[in-house]
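# Observations on the three-dimensional arrangement
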Amino acid sequence: MVESLDFLKALNPQQREAVETTEGPLLVLSGAGTGKTRVLTTRIAYLLATGCARPWEILAVTFTNKAAKEMKERLEKMIGAQASGVWLGTFHAIGVKILSKYPGLVGLKSGFIVLGTDDQERLVKQIMQERGLDIKKWTPGIVLDIISRWKDKGLLPEQITAALDTDYCGGCVADLYRIYQERLRLLNAVDFGDLLLLPLVLFKNHSDILAEYQKKFKYILVDEYQDTNVAQYLLLRLLAKGHGNICCVGDDDQSIYSWRGAEVGNILKFSQDFSGAQVIRLEQNYRSTAHILGAASALIAQNEGRLGKTLKVADGRDGSGDLVLVKSYWNGSEEANKIVELVEDEQRAGRSLSQIAVLVRASFQTREFEEALIRAGIPYKIVGGFKFYEREEIRDAVAYLRLVLNPDDDLAFLRVVNKPKRGIGEGALKNIQTAAREKRLSLFQAVGWASLRPSVRKILDGFISKIKEAQKEAKELPPARLAPHVLQEMGYIDFWRQEKSPEAESRLENINELYNVLGEFETIADFIGYTSLLMDADETAAEEQLLVMTLHASKGLEFETVFLPGWEEGLFPHQKTLDESSVQGLEEERRLAYVGITRAKEKVFISYAFNRRVYGQWQSASASRFIEELPPEHIDNQARRKKPMMMDIEDFSWQIPVKKEIPIPAHKRRVGRKVYHETFGDGVVVREEGDRLEVLFADFGLKKVLAKFLEVM
DNA sequence: GGGTTGCCCGTTTTT
DNA sequence: CGGGCAACCC
């Protein structure tokens, strides 16, 4: 039975203990760079190899699809095909799996849809408007946020007490929550919160089903435990009651998602929650140099209420390595340009661009870097931004498919009924909605009953018959063939074709990409079920490019060199965090700083600017308090203490738009070519995607324009 | 019903 | 400064 346990030899004593302590609750406090993923995967392999469990008796939950995918791949390398039997996925994916088995028991029907944020907000807005609430005074976004936080806590509408509901809307959010839930069920839809909340309801009302799962999952493993919310905790506690073998891996110092409902408390009180829990600390860091760890450790030590860990430097790294460099700049644009020069220095020193990252606090900061990098001709990628499935054109296309799959999907109907413009306005829709409510029908069905002008009726009849036609075709055509046909028929493709903007072309490209994704599914239902939980299309392969991203997005990644710009009071720590959550907020910001520093293996550059443009307004700034908190022995502080006078700055090279010659490669490309545009004037082509060119204009900055509007100089 | 202007407001973001 | 949205006008 016992296969080779060779994989244990690759572990240090603490890691090995974390793997071999299979029975009972176990908390593995895993500091940055101490090998937590290795421990998790090895633990699963160990459980299987020793015969403790069969694959389907192991539940492993992660936070992101990316983490789940990575773990699955690593597990497959270790144990092969057995890996596919393990219940491994995000909390939400596991939630879907459970709910899909018993939809009827929680008020759903099979084939329920998972709503994205925009659909959720639309729904809340609609409910608020029906209630006659002032959308300006009380925004649907915030109401949805409050509801989501309640869901994160595992609270149902009837559990919201008056005391919980006084913050906003004069205490009517609980009411809105109740109606919102009713409306979701009517639509046979759930939101992300429901994927955790409804399994809890299911288990609470059906102890036999709970018992089944409790018996099934002999071993439970949880990644990034510091990021779990109360609902996830409750779910884990229920499931773990069976065998009591729950192993949570996390780092309280890297908890940075409290604003999204994560509870640091979960990891802090693990030992009380799971009696008899053992705690193992992984403190052997394999990633960073002594100075980097020294700086990061000292910084995070300023936080109260930690479980406490001391990261140890890997052997042979003592005393070696560069100090953490701290610099100050006149303003944000000097900062960006000088950092880009430093990036070029790194390149000259032989460092690969893919091993360098710029990590910022807020996404608006990426813009300055984008411009500076383009000027310097350095390939880069802004991580994050718009996700594939969040794009307007993709959500529209998916809505068309949803409507074909299920014409009673009111949200899909509303989204596409007048897109492209067909002449269906507010008034007509109101009438349909009224009819729908009276007859208790879906909007699609209610069209026949609504009082409509003949012209409008004719348009809608055409719309409906086209959808019905598509439904017939769906029985014969695979989704990848059906979708282009439907979108063409409905006029959606022409809608973007007629649009003259350069974005339109990339939207069409995205729709084509969607057809590719559809190629992997046999039915629309399969596709909808699969993608509802995915936010992003597959990542493009790692190329030789510099990454620019937010600190949040960088968690779990590592680079040789890390640049941390914008360490200013008000930006980092962010003012809003301080205003809203004072000390707690400050500590989370500090953890964010800790995450940033510990991403680096070799070099860390921290910087700040004395002036920054915020909302078009120049603002004076001072160094972040976090810089003061860095121990002098680990840093090389080259920053000016006081804000200099403008005349004290010797070097203004960053201010003049650098008209650097971008070398034109031998093969004929348009990148680097000087061009002229009617409106924007002189510029240089910096990127090329078909006829869509990205041009850096001397007076207007970066713009995307169509090639035909440009004259070559 | 659809286009235009003018006002408000502005972190972080995965599922 | 610039996007999103609602009131306003054709």
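Below or above, wherever it landed, is the structure these notes cover. None of these values were measured; they are calculated from a predicted model. (Residues numbered from 1 in each chain as written. Chains lettered and ligands numbered in written order. Predicted model: local features only at pLDDT ≥ 70, side-chain atom pairs only at ≥ 80, totals over all residues. Heavy atoms only, no water.)

Each helix and strand counted, chain A has 26 helices and 21 strands in total. Its C-alpha radius of gyration of 28 Å places chain A within 12% of the 27 Å reference for a compact globule of 713 residues. Projected onto its principal axes, the C-alpha coordinates of chain A cover approximately 80 × 75 × 55 Å. Buried positions account for 53% of the 713 residues belonging to chain A. For chain A, the proportion of contacts with a sequence separation of at least 24, taken over those separated by at least 6, is 75%. Accessible area for chain A stands at about 33,000 Å²; split by element, carbon and sulfur atoms hold 50% of it. Looking at chain A, you have 96 positive and 101 negative side-chain charges, and the mean spots of the two groups are 3 Å apart. (Helix = DSSP H or I, 4+ residues; strand = E, 2+ residues; numbered from the N terminus. Rg over C-alpha atoms; globule rule 2.2 N^0.38 Å. Buried < 20%, exposed > 50% of the residue type's maximum accessible area, 1.4 Å probe, protein only. Contact = heavy atoms within 4.5 Å. Areas by Shrake-Rupley, 256 points an atom, 1.4 Å probe, with all protein chains shown as cover. Lys, Arg positive; Asp, Glu negative; His and termini not counted. Charge placed at Lys NZ, Arg CZ, Asp CG, Glu CD.)

Moving on to the protein's contact with DNA strand C. Every residue near DNA strand C is listed here: K125, R613, Y615 and G616. Expressed as a percentage, the sugar and phosphate content of the atoms of DNA strand C within 4 Å of the protein is 40%. (Near = heavy atom within 4 Å.)

Turning to helix α7 (residues 173–186), a few remarks are in order. Helical geometry: 3.6 residues make up each α-helical turn, so side chains three or four residues apart lie on a common side. The end-to-end C-alpha distance of α7, which contains 14 residues, comes to 20 Å, matching closely the 20 Å that a straight helix rising 1.5 Å per residue would cover. Of all 14 residues that make up α7, ten are buried, and the element is covered over most of its length. The set of residues buried in α7 consists of V173, A174, L176, Y177, I179, Y180, Q181, R183, L184 and R185. Looking at the buried side of α7, the elements it contacts are α5 (117–130), α6 (140–152), β5 (189–190) and α8 (194–205). N188, located one to two residues past α7, shows a positive phi value of around 50 degrees. (Expected span 1.5 Å × (residues − 1).)

What follows is about the packing of aromatic side chains. One pass over the structure, following the stated rule, counts 21 aromatic pairs. Here the aromatic rings of W87 and Y213 are separated by 6.2 Å at their centres, their planes lie at 70 degrees, and the arrangement is edge-to-face. Of this pair, W87 sits in strand β3 (residues 87–90) while Y213 sits in helix α9 (residues 207–216), placing them 126 residues apart in sequence. The pair W87 / Y213 is uniform in exposure class, with both members buried. Among the aromatic residues, ring-to-ring pairing joins W87, F203, Y213 and F217 into one connected group. (Phe/Tyr/Trp six-rings, centres within 6.5 Å; stacked < 30°, edge-to-face > 60°.)

So, about the environment of G33. Its location among the elements puts G33 in the loop between β1 (26–30) and α2 (36–49). Considered as a pair, G33 and L11 are 22 residues apart in the sequence and their alpha carbons are 14 Å apart. The contacts of G33, once residues within four sequence positions are left out, are Q284, N285, Y286 and R287.

Turning our eyes to something else, we now look at the nonpolar core. Core analysis: the biggest nonpolar cluster contains 125 residues, and Y225, F463 and F527 have the highest contact counts within it. Not counting residues up to four positions away in its chain, the partners in contact with F463 are Y400, L403, F413, V416, V417, R422 and M490. (Core = buried A, V, L, I, M, F, W, Y, C linked by side-chain atoms within 4.5 Å.)

With respect to topology, six strands assemble into an open sheet ordered β3-β2-β6-β7-β1-β8, the strand pairing being parallel. Looking at which strands have only one partner, the edges of the open sheet turn out to be β3 and β8 (278–282). Neighbour-to-neighbour, the strand axes of the sheet open up by a mean angle of 15 degrees, direction not taken into account. Direction of pairing for strand β2 (residues 58–62) relative to β3: parallel, over a ladder of four bridges. Along β3, the bridge assignment pairs V61 with G89. Here helix α10 (residues 230–240) sits on the sheet in contact with β2, β6 (219–222) and β7 (246–250), set at roughly 160 degrees to β6. (Pairing = 2+ DSSP bridges. Axes fitted to C-alpha atoms, helices over the stretch in contact; angles between N-to-C directions.)

This next bit is on the pairing of β2. Buried residues dominate β2, accounting for five of its five residues. The two faces of β2 match: I58, A60 and T62 on one face and L59 and V61 on the other face are all buried. Taken together, β2, helix α3 (residues 65–79) and β3 form a β-α-β motif whose crossover is right-handed. (Right-handed = clockwise from strand over helix to strand, strands pointing away.)

On to the pattern of salt bridges. Evaluation of the coordinates by the stated rule reveals 49 salt bridges. For the salt bridge of E283 with K312, the shortest nitrogen-to-oxygen distance reads 3.7 Å. Highlighted residues: E283 in the loop between β8 and α13 (290–300) and K312 in the loop between α13 and β9 (324–331), separated in sequence by 29 residues. Taking the relative accessible area as the measure of exposure, E283 reaches 17% and is therefore buried. (Salt bridge = Lys/Arg side-chain N within 4 Å of Asp/Glu carboxyl O.)

The environment of DNA strand B is made up of 30 residues, and the closest members are N65, S363, G423, T550 and T577. Of all atoms in DNA strand B that approach within 4 Å of the protein, 53% are sugar or phosphate atoms. At a separation of 2.6 Å, a phosphate oxygen of DNA strand B approaches a polar backbone atom of N65. Within the backbone of G425, one N or O atom sits 3.5 Å away from a phosphate oxygen of DNA strand B. Looking at the surface near DNA strand B, the elements that each hand over two or more residues are α18 (426–439) and α25 (575–597). (Polar contact = N/O pair within 3.5 Å; in protein donor to acceptor, adjacent residues only side chain to side chain.)

Note: strand β14 (residues 600–614) against strand β15 (residues 617–620), four bridges, orientation antiparallel. Paired with N611 across the strands is S620, a residue of β15. In sequence, β14 turns back onto β15 through a hairpin of two residues, with Y615 there showing a positive phi of about 50 degrees.

Between α8 and α10, the shortest axis-to-axis distance is 9 Å and the interhelical angle comes to 35 degrees. When you trace α8 past α10, the crossing you get is left-handed. Contacts between α8 and α10 involve L196, P199, L200 and F203 from the former and A231, Q232, L234, L235, L238 and L239 from the latter. For the contact of α8 with α10, the class distribution of residues is nine nonpolar, one polar and no charged. (Left-handed = near helix turned anticlockwise from the far one by under 90°. Nonpolar A, V, L, I, M, F, W, Y, C, P; charged D, E, K, R; others polar.)

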